[in-house]
Amino acid sequence: MEHPVEVGVPAPDFELQDQHGTPVKLSGFRGGKVVLVFYPLAFSGICRSELAALRDLPADAQVLTVSVDSLFTHRAWAEQEGYVFPLLSDFWPHGQVARAYGVFDDAKGVARRGTFIIDGEGVIRWSVVNPIGSARDVAAYTKALADIS
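Residues numbered from 1 in each chain as written. Predicted model: local features only at pLDDT ≥ 70, side-chain atom pairs only at ≥ 80, totals over all residues. Heavy atoms only, no water.

**Some details on the overall build of the chain**
Heads up, the rule is: The way it works is that DSSP assigns letters per residue, a run of H or I at least four long becomes a helix, a run of E at least two long becomes a strand, and they are numbered from the N terminus. Atoms counted for the radius of gyration: C-alpha only. Globule rule: 2.2 Å times residue count to the power 0.38. Under the scheme applied here, a residue whose accessible area is under 20% of the maximum for its type counts as buried, over 50% as exposed, and between as partly exposed, the area being computed with a 1.4 Å probe on protein chains only. By definition, residues are in contact when any of their heavy atoms lie within 4.5 Å. Throughout, the Shrake-Rupley method with a 1.4 Å probe supplies accessible areas, and for residues the shown protein chains are the sole cover considered. His residues and chain termini do not enter the charge count, which takes Lys and Arg as positive and Asp and Glu as negative. Here the site of a charge means atom NZ of a Lys, CZ of an Arg, CG of an Asp or CD of a Glu.
Each helix and strand in the chain was counted, giving 4 helices and 9 strands. Over its C-alpha atoms the chain spans a radius of gyration of 14 Å, differing by no more than 12% from the 15 Å that the globule rule assigns to 149 residues. For the chain, the C-alpha atoms occupy an extent of roughly 35 × 35 × 30 Å along the three principal directions. Looking at the 149 residues of the chain, the share that counts as buried comes to 50%. The contacts in the chain between residues at least 6 apart in sequence include a share of 65% that link residues at least 24 apart. Carbon and sulfur atoms make up 55% of the accessible area of the chain, which amounts to about 6900 Å² in all. If you average the places of the 13 positive and of the 18 negative side-chain charges in the chain, the two averages end up 2 Å apart.

**Regarding the packing of aromatic side chains**
For the record, the criterion: Only rings of Phe, Tyr and Trp enter the pairing, Trp through its six-membered ring, and a pair is recorded when the two centres are within 6.5 Å. The plane angle decides the type: under 30 degrees is stacked, over 60 is edge-to-face, the rest tilted.
All told, the structure shown has 8 aromatic pairs when counted by the stated rule. Seen in terms of ring centroids, Phe38 and Phe116 are 6.1 Å apart; in terms of plane orientation they differ by 90 degrees. Their pairing is edge-to-face. Note that Phe38 is positioned in strand S3 (residues 33-38) and Phe116 in strand S8 (residues 113-118), a separation of 78 residues in sequence. Pair check on accessibility: Phe38 and Phe116 agree, each one buried.

**A few points about the environment of Ile117**
Assignment of secondary structure puts Ile117 in strand S8. Separated by 65 residues in sequence, Ile117 and Ala52 have C-alpha atoms that sit 18 Å apart. Beyond its immediate stretch of four places on either side in the chain, Ile117 contacts Val34, Val35, Val123, Ile124, Arg125, Trp126, Tyr141, Ala144, Leu145 and Ile148.

**Things to note about the side chain of Asp18**
Counted only if it meets this: Salt bridge, as used here: a side-chain nitrogen of Lys or Arg that lies within 4 Å of a carboxyl oxygen of Asp or Glu. In protein, a polar contact requires one atom able to donate a hydrogen and another able to accept it; more generally it is a pair of N or O atoms within 3.5 Å, and residues adjacent in sequence count only if both atoms are side-chain atoms.
Along the polypeptide, Asp18 turns up in the loop between strand S1 (15-17) and strand S2 (23-25). Look at Asp18: it is buried, it has no salt bridge, and the nearest opposite charge is Arg75 at 7.0 Å. In terms of polar contacts, Asp18 uses its side chain to reach the backbone amide nitrogen of His20, at 2.8 Å.

**Some details on helix H4 (residues 138-147)**
Heads up, the condition is: As used here, the arc is the angular range of directions from the helix axis to the C-beta atoms.
Considered for burial, the residues of H4 that qualify are Val138, Tyr141, Ala144 and Leu145. Buried positions in H4, seen along its axis, are confined to an arc of 105 degrees and lie on one side of it. Among the exposed residues of H4, those pointing more than 90 degrees away from its buried face are Ala139, Lys143, Ala146 and Asp147. Regarding H4, its N-cap is Asp137, as a side-chain oxygen of that residue lies 3.1 Å from the backbone nitrogen of Ala139 further along.

**Some points on unusual backbone geometry**
In this model, Trp92 is joined to Pro93 through a cis peptide bond whose omega is -10 degrees. Relative to the assigned elements, Pro93 resides in the loop between strand S5 (87-89) and helix H3 (96-100).

So this is what it looks like as structure tokens:
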């Protein structure tokens, strides 16, 4: 299994389509904090509760979520759950961005639960990677965001 990218290094840049088909480029958010959240698949119980909690993160951070689901799946899920942040499709090449961050599970074909907080300079300042079946502590994101100026 690959190792996640380390804290203190530049975040690998990427461009993926959101649930509306709009291209979203990570480097387009320079100057502000980004919470980059990888999750296995839409419509699962753990993912639903985690993404719902992301709606309550501080407004000074841009939330970007990534899974291997298609943009059509993301659109349906965002509409059902009321998600307004970008749900990005790492569908093809399959898991390419998850691989760049070292969170792709080759055996299962999906991303592990990786979260990376990226500062305004594009540097990873905090991260956590949980196994697919383990939920993340969203309160830890809030503390990490508060500690990053």
